[in-house]
Structure formats: C-alpha cells, structure tokens
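So you can see what is in the structure, the chains are spelled out below.
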Amino acid sequence: MRSVLPPAIARRLWQAMAAGGVLATVLYMLYSSSALGTVSFLLLGVAGVTACFFGPRRWGAEPPTAWLMMGVSALFFLIGVLIRPTVTEMAMPAPLIADVASFSGYVLLAVFLSMLLRSRKSVDRHAIIDGLIVCLATGLTSTLLLALPAAQVANRPPALSIIQGLYPLLDVMVLLLIVNLTFTAKTWPISLLCLTGALVGIFVGDAAYAIEGVKGLIYASPLLNVPFLLAYTAMGMSALHPSVVEMSRASRPPVQAWSWQRMALLLPALVLPFALLLTSGSDGGLERFLIALIGSAIVGLLLLRAKSAVRAQVAAQLHSEHQAMHDPLTALPNRTSMSAEIERLVTVVEPEGTDRVWVYMLDLDGFKWVNDSWGHDTGDQLVIEVGRRLRAAVPQAIPVARVGGDEFLLTFVGEKGGALRLVDDIRGCFAKPFPVRDTEVVISASIGIAHAAGDPARAAVTAEALMRDADTAMYRAKGEGPGRSTIFDTSMHAQVRERIELEVALRAALADDQLYVAYQPIVRLETGIPVGAEALVRWVHPERGSIPPMTFIPIAEDAGLIGSIGTWVRKEALRQLGVWRSEGVVSEDFYLSINVSPRQLTDPELPLIVSGEMLRYGVPSQCVALEMTESVMVDGSSVTSRVLFELRELGVKLLVDDFGTGFSALGYLRRFPVTGVKIDRSFVTGLGVNVEDDEIVRAVVAMSHALGLSVIAEGVETPLQREALHAVGVVNGQGWLWGAAVTAPEFSERWRRSAIAAAEIAQIEAADLGRHRRTAD
C-alpha cells in the first residue's frame, strides 16, 4: 500500500535520512562505548531497514521483491553487527550466531543485486568478464593476505577460523556485483549513487574486520562499525529518493567500451598477480601455484574479453549499417536502400527489352486525421500494420520500403499488364478495416506510378527521376480523391511546381497580411434577417489575384499551416465582432461561427486561449460558435474530448460542419457537448427535386431536434430550397440566396439595417406577448 504522506514531504524523506544518518554516525563515534552509541546505531539501522521496505513501494520501484530482499538483508546485517560484541565473549557455538546472520545478509544482498541487474538488463558479458578479472585479482590478494592468515590463527576453533577466512571472499563477491553495476550504468540517478555508496561502505567495513581477523581478533573496536552506519545511511537514501524507480530501467551503453575508468581497474588487476609473485616473502609452493593459476586465468579472461570486444564491435557495425538502410519503425528498407535497389534494377534491365522498371509511391489517405484524433502512437501502429500487409501481399522479389511518415515505395520489373495487376494487389491490402484503439478504421492509399526502360549509363539519374515522378503522380492521384492511382506524365511537373510556389506564397501571405476574413450571413429562414455569420478566410495574392479556398486550404493542411491560419482567423473574427457590438452594427445575440481544425482541438490550452480572447475583445461566449468536422466525432483522444467539454462550459456553441458527408453517426452527438449541426450543401441542392434528399434532410432534422440540437442548412441558393427547408423544420440557413461572403465593411453596411429591423421586430413581439398576457390576466 502506498504511503499516505503528501508528495512534497515524501520527496524530502531521503534528505531527512541523510541528516539523521550523519547525526547518528557522529553520536556513535563520540559515544561508541556507551548506550547512546548503541541506540544511535540501532535507530539508524532500523530506519535504513524500514526505508528499504516502504520507500521503493511508495514510488512504485520495480521489481518490488528485490527491495524486500534488500530490506531483509539489511536486517540480518544489523542483527549480526549488534550481537557480535556480546556473542564474541561466549563459548562456541554462540559466536557463530552473528556469522549466520551476516552470511544470510550476504546471500540476500547477492540476490537483490542479481535481480536488480537483470531488471536493468545489465547482466552484460563484457562487464562480467571485466568484473571477474578485477575480482580474481582482488580475491587472490585477499586470500593470500587476509583469508589464509585468518584461517591459520592458532588457539581458535577451526570452524570459526574457516568462517573468518571466508569473509574476504564474500567481499569479493560483493565487489564483483558492484563492478558489474558500475560498468553497465550509462546514467547515474541519486538512488544508484547512494546504493553504490552503501555497497562500498559494506566492503570497507568488512575489509577492516578482515584485517583485524588476521591478528586473531573477531571484534576489536566499535569504531570498525562506522562504515556500516554510513552504509545504512546511503541505503536508506537510495530507497527513499524518487529516482529509485529508475534503478530497474535499462540503462547501459550498447557496446562495453575500453574506457579509462575500466582501464583504471583492469590494469592494476593485471599487474597484481605478478607483483605478488615478486614481492611474496613466502617460499610455499601452494601460494606461488595459486598466484600462477590466478594470473593465467586473468590473462585468459583478458584474451576472451578482447575477442568478445572485437565481435561486439563488428556486430554493432553491422547493426548500424542495417539501421542506416532500414526504417526503425517497420523494419522495411528505407529511401536510401530503395534508391540503391532501383538503381540496380535500372542497370540490369535491358534498354531495348519489353520489361520496364516500375516504381509505386503510396500515401495513406486519412493518416493525418488518425494522427490528429488518436495521437502519433496510434499512427505508428497503423503504419506498422500497413507495412506488414504490403509485405505479405506482394511477392518477396518485389521490394517494399517505407520512405516517409505515411509513404511507402515499391518497385517492380515487368510489362504494363503485370504492373497494373500489382496495383490491384496493393489496393487489396486496404480492403479490410484497420484496428485502431477500440474501433476499426477504413483507410485507402493514393498511388503514384512511374516507369522507365533500363539505362545502365545513367542508372543513378534514372532511379532518382523515377522516385521523383512517382511522388508527383501520387500527389495528382491524391488530388483526384482517396484511393486513386495515376501513372506519371510530363505535364505533372508544371502542376507540382505550381503547388510548391503556392505553398511558399501562402507562407509569405500569412507573414505579410495578405489574408483577410470574409463574413457570410446565417439568416432566419422565416424573416431573412441575419442571426449570425460564418468567418471565412480569403487570400488575395498581389500578382495572382484572388485564390480560392479550395485551392489553398488543402495546401495549408499538408504544409502544417492550418493551425496558424485558424488561430489568426479566430482572433480577427472575435476582434471584428467586438467592434460591431460596440458600434451597434449587430444585435446583442448576433453570433460568429469560426472553424477549428482537429489539430487545434488537441491543444489542451485552447479553452483558456479562447476565453482570454473573448475577454480581450469584449465578446460574450454565447455569441461565439466553433465549427468542427465530423472526423472529430470519432476521436478517441481524451484530450480532444476534454477540450470540447471545457469549451462548452465556457458557453461557446459547438457545431458539426458538413454534417452527413462523413461518419454521420448521430450516436456520437450524444457523447459530445455538440449544440448544433450544419447540413451539407450536397443534400440541400436536391431539395424540392430529389425525393431522397428531401427524406435525408427530414430525418436529420427530426433526430437533431430530438437531441435538442439546432440545425443550419448550408448552400441555400434558391427560394425553392428555402421553402423546402422551412417546411421540414429548419430554422436557419446560409448560402448565396442571401449573398456571398464579403469583407467586414461590406457586411456592416449591408446588414446594419437588417440588425436594426430585427431589434424592432423583437421589441414588437415582446410588446405583443406582454399585451396578450395582461389580457389573459
């Protein structure tokens, strides 16, 4: 169970542990032979053990079992240290009780470190070999200088001598794990630093006891316990610091390099056996044999390490080369690899033969909507699935590559008939829906196709031209509608240049104030008086003149400019509405309808921004409507949903634009705080002429009214359409019947009188209503 402490306090506990540990250590050093020193040691030890039990659980550190092992290990060490002064003076086997506790602590400590290393994916072959080299040298030294002399102490029970001789070897085991932990760490969070310090404290404390053991002493002075107090302090800090959660995360360099830190440990380890051999004063054959054996093992490990390092470098190089030629997300070849393959095919295909090199550029239709609605992680999963289907659908001899965010490239050698059949195979990949989150999405791909004969003399240039032309044809196919395919012809180059020039010009237009906002009235069908207006962006190029929105809006979406344009339009529209309201051009309940893109609705700050803009320009929230496309309705993003609800809480109207052309699921309208729908002009055009359109509009109006939603008809152009809409219950309309979108001054001049007339009609209706009420009374 997690701690109930406030997070601010919990984050400071490790500092309290540090301060308490320093205080307890100082008190122990000053009063080591008194009860105060013992109590200080006991309290610090209990605090360290408690921290190991509860600190990692508080922060959710993994694996939890490992930290329980660490806590129990610390408890056994504490018991061993505290009872050792007492049991040492007792008869055998009482002194062994402290050793049993200490040995148990060592075993559990080794289990803890092993579990931690495995969780960190730090059980590395190179680090283990390096650790063995260091530990063999250290073990040889401790055996000759500490373990054997301790085991040979006279007038001591053999069991006790053997146990005292094993302590240095246990320290070597701890050292091996420390070396492995440090050699495989790429980052050093505070918890890891503290844990390393705790292990070093244990190692130093045991080394001090081992040196005394050579003299035949089991317990010499309380001050020998000071390293253990520091170890408990560091251990508690490690368990309580929030970075303890990072301890189990994989953090190691891909190749264990020969760094100077490693060499600083390895070189002394290599020299040590030979130094011992030269400086050993013993003539015993066993010691010299042991030195020779360990020295030979160290040299063998060094050779093994060198061989392993070379292999690792080769593997890393091959991996790097593979990554350079393949897409990391789908593992398919990338653009570089495919370019080389196309160049090879252009070289081997006969220039005069019937076979040609065909290149297919695929771009997913609707991928941007998936990214905007569900996020880039979902988009990545969709790309992976598309790549998998493409690879499975075409023969293995046909290369498939991912060359962009949602772009794939295929190449084929053969005649035109086979090339066209391959198009059908590609389309078949998109026949089944793709699972996305808790729903399924049907997407298609626009395919651009280019082909060329073999040309060994100009293979590189031809390969580059094929990919460029296939990309150009893909954009033409995309412009014709989703799921189309187009074969490149030379006339497309001019269109591509035109699009690029328009994108550059559009960026300049946004910076140079070439855009302006036009306003088209939304009127009450019964009276023809405007109740609102839609703010629409217009562009007048200084040389090209007026450029239609249907031309530059798709370019803005592809170029990532739609968010900036939308923000500018919203600010300008709200500013203009504020001016109209202050000048009395419009009535108090006149509203402006402003378009928002799906990308804008993924910004969690949008409600706050809109609220600030309304406050700045003096516009009440009920006079603002935001229009969104139907694609937002199936958005599984919690961010978008929250943004919509927060906008509605401000009092802003939320309208679904072009209703009926997309998902048309009224069930979605119940899940979101939508206040109205705008019937698409494609249904309005057939009113009074096409019975099916009449029935569709009637059904949408009936269901919308049942849900309490307002209905606005778009594209009203004739009196017949107006009458048909009014007959089925539509209250408001918008279209050329009342005029096109015009500039703010034109709108103000044209509709000022209508606004005054609307106010007068409202006053008359209110007066009539009051008179009827008085008559009834």
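Thresholds, definitions, all that
- Residues numbered from 1 in each chain as written.
- Predicted model: local features only at pLDDT ≥ 70, side-chain atom pairs only at ≥ 80, totals over all residues.
- Heavy atoms only, no water.
- Salt bridge = Lys/Arg side-chain N within 4 Å of Asp/Glu carboxyl O.
- Helix = DSSP H or I, 4+ residues; strand = E, 2+ residues; numbered from the N terminus.
- Buried < 20%, exposed > 50% of the residue type's maximum accessible area, 1.4 Å probe, protein only.
- Pairing = 2+ DSSP bridges.
- Axes fitted to C-alpha atoms, helices over the stretch in contact; angles between N-to-C directions.
- Phe/Tyr/Trp six-rings, centres within 6.5 Å; stacked < 30°, edge-to-face > 60°.
- Lys NZ or Arg CZ within 6 Å of the ring centre and 35° of its normal.
- Core = buried A, V, L, I, M, F, W, Y, C linked by side-chain atoms within 4.5 Å.
- Contact = heavy atoms within 4.5 Å.
- Polar contact = N/O pair within 3.5 Å; in protein donor to acceptor, adjacent residues only side chain to side chain.
- Expected span 1.5 Å × (residues − 1).
- Arc of directions from axis to C-beta.
- Right-handed = clockwise from strand over helix to strand, strands pointing away.
- pLDDT = per-residue confidence, 0-100.
- Parallel < 35°, antiparallel > 145°, perpendicular 65-115°, else oblique.
- Left-handed = near helix turned anticlockwise from the far one by under 90°.
- Nonpolar A, V, L, I, M, F, W, Y, C, P; charged D, E, K, R; others polar.
- Patch = residues over 30% accessible without salt bridge, like charges linked within 9 Å, V, L, I, M, F, W, Y side chains within 5 Å.
- Areas by Shrake-Rupley, 256 points an atom, 1.4 Å probe, with all protein chains shown as cover.

The subject of this paragraph is the pattern of salt bridges. Summed over all chains, the structure comprises 20 salt bridges. Close ionic contact of K678 with E714 constitutes a salt bridge, the shortest N to O distance being 3.7 Å. With K678 in strand β14 (residues 676–679) and E714 in the loop between β15 (710–713) and α25 (719–727), the pair connects residues that are 36 residues apart, well separated along the chain. No difference in accessibility class separates K678 from E714, as the two residues are buried. One connected set of salt bridges, linked through shared partners, spans E534, E627, K678 and E714.

Another aspect to go through is the sheet that holds strand β3 (residues 407–414). Overall, mixed pairing links the five strands, which are arranged β2-β3-β1-β6-β7 in an open sheet. What marks the edges here is a single partner per strand, and that holds for β2 (400–402) and β7 (485–487). Mean inter-strand twist for the sheet, computed between neighbouring axes without regard to direction, equals 20°. Bridge analysis of β2 against β3 gives three bridges, and the strand direction is antiparallel.

Attention now goes to the packing of aromatic side chains. With the rule as written, the count across this model stands at ten aromatic pairs. Note on Y519 and F747: the rings are 6.3 Å apart at their centroids and 55° apart in plane angle, and the pair reads as tilted. One end of the pair, Y519, is in strand β8 (residues 515–524); the other, F747, is in helix α26 (residues 744–776), and 228 residues separate them in sequence. Note on Y519: relative accessible area 0%, which makes it buried. We classify F747 as buried; its relative accessible area is 1%. Ring-pair connections join several aromatic residues into one group, and the members of that group are Y519, W580, F590 and F747. The ring centre of W59 lies 4.6 Å from the NZ or CZ of R58, which sits over that ring. The ring of Y591 is capped by K653, whose NZ or CZ atom sits 4.8 Å from the centre of that ring.

Core analysis: the largest hydrophobic core is formed by 80 residues, its most contacted members being L506, Y519, W539, L601, M628 and L725. In this structure L601 touches V596, L606, M628, V632, V639, T640, V643, L644 and L647, once residues within four positions along its chain are discounted. If you look at the next biggest cluster of nonpolar residues, it comprises 50 residues, including W59, Y106, L116 and V226.

With that settled, consider the environment of T743. Mapped onto the elements, T743 comes out in the loop between β16 (732–733) and α26. Residue classification places T743 among the partly exposed residues on the basis of a relative accessible area of 24%. Sequence separation between T743 and Y519 is 224 residues, and the spatial gap between their C-alpha atoms is 6.3 Å. Side chain to side chain, T743 and E746 meet in a polar contact 3.2 Å long.

This next bit is on helix α12 (residues 335–348). With 14 residues, α12 extends 20 Å from end C-alpha to end C-alpha; this agrees with the ideal 20 Å at 1.5 Å per step. The backbone nitrogen of T336 lies 3.3 Å from a side-chain oxygen of the residue at the head of α12, namely N334.

P63 follows E62 through a cis peptide bond whose omega is -15°. Position of P63 relative to the elements: it lies in the loop between α3 (35–59) and α4 (64–87). For A331, which is not a glycine, the phi torsion comes out positive at approximately 65°. With a phi close to 50°, D658 is a non-glycine residue in the positive phi region.

With respect to the element layout, E534 can be found in strand β9 (residues 530–541). A relative accessible area of 5% places E534 in the buried class. Among the polar contacts listed, one links the side chain of E534 to the side chain of Q734, at a separation of 2.6 Å. Contacts of E534, omitting those with residues within four sequence positions, involve A518, Y519, Q520, I522, S593, N595, E627, K678, E714 and Q734.

Our next topic: α25. All of the buried residues in α25 are Q721, A724 and L725. Take α25 and look down its axis: the buried residues cluster within an arc of 100°, on one side only. Contacts made by the buried residues of α25 are with α23 (681–684), α24 (691–706) and β15.

Here we take up the pairing of strand β12 (residues 624–628). Of all five residues that make up β12, five are buried, and the element is covered over most of its length. In this fold, strand β11 (residues 591–595) hands off to helix α20 (residues 606–617), which returns the chain to β12; that crossover is right-handed.

The next subject is the confidence of the model for the chain. Residues at a pLDDT of 70 or more form 81% of the chain, whose mean pLDDT is 82. This model gives residues 772–776 a pLDDT under 50, and the stretch forms zero contacts once residues within four places in sequence are excluded.

Before going further, it helps to examine the packing of α4 against helix α5 (residues 95–119). Across the interface, α4 lies against α5 with an axial gap of 7 Å and an inter-helix angle of 160°. One element, α4, and the other, α5, form an angle in the roughly antiparallel class. As for the relative orientation of α4 and α5, their crossing is left-handed in sense. Along the lines of polarity and charge, the residues of the contact of α4 with α5 split into 20 nonpolar, six polar and two charged.

Once that is clear, we can look at the environment of R570. Summarising the element assignment, R570 is placed in helix α19 (residues 562–583). The class for R570 is buried, based on a relative accessible area of 3%. On a C-alpha basis, the gap between R570 and L536 in space is 9.7 Å, while along the polypeptide they are 34 residues apart. Not counting residues up to four positions away in its chain, the partners in contact with R570 are I594, Q600, L606, I609, V610 and E613.

Two elements in contact, α19 and α20, have axes whose closest approach is 9 Å; the angle formed by their N-to-C orientations is 30°. Put simply, α19 runs roughly parallel to α20. Crossing geometry of α19 relative to α20 is assigned as right-handed. Taken together, the residues of α20 that come into contact with α19 (itself represented by R570, K571, L574, R575 and G578) are L606, I609, V610, E613, M614 and Y617. By residue class, the composition of the contact of α19 with α20 is six nonpolar, one polar and four charged.

The next point concerns the pairing of β11. Along a regular strand, successive side chains alternate from one face of the sheet to the other. Among the five residues of β11, four are classified as buried, and the element is accordingly described as predominantly covered. Across four bridges, β9 lies against β11 in parallel orientation. Its bridge partner lying in β11, G532 is registered against Y591. Alignment of β11 against β12, held across four bridges, turns out to be parallel. Bridged to N595 within β12 is E627.

Before going further, it helps to examine a nonpolar patch on the surface. Together, V22, V26, L30, Y31 and L36 line one region of the surface with nonpolar side chains, adding up to about 470 Å² of accessible area. Broken down by element, the residue count for the nonpolar patch peaks at three residues, all from helix α2 (residues 13–30). Looking at the element boundaries, L36 is found in helix α3.

Let us now look at the environment of V652. Topologically, V652 is positioned in the loop between α21 (638–650) and β13 (653–659). Among the residues examined, V652 registers a relative accessible area of 0% and is labelled buried. Non-local contacts of V652, meaning those with residues more than four positions away in its chain, are made with M614, S621, V624, A625, L626 and L647.

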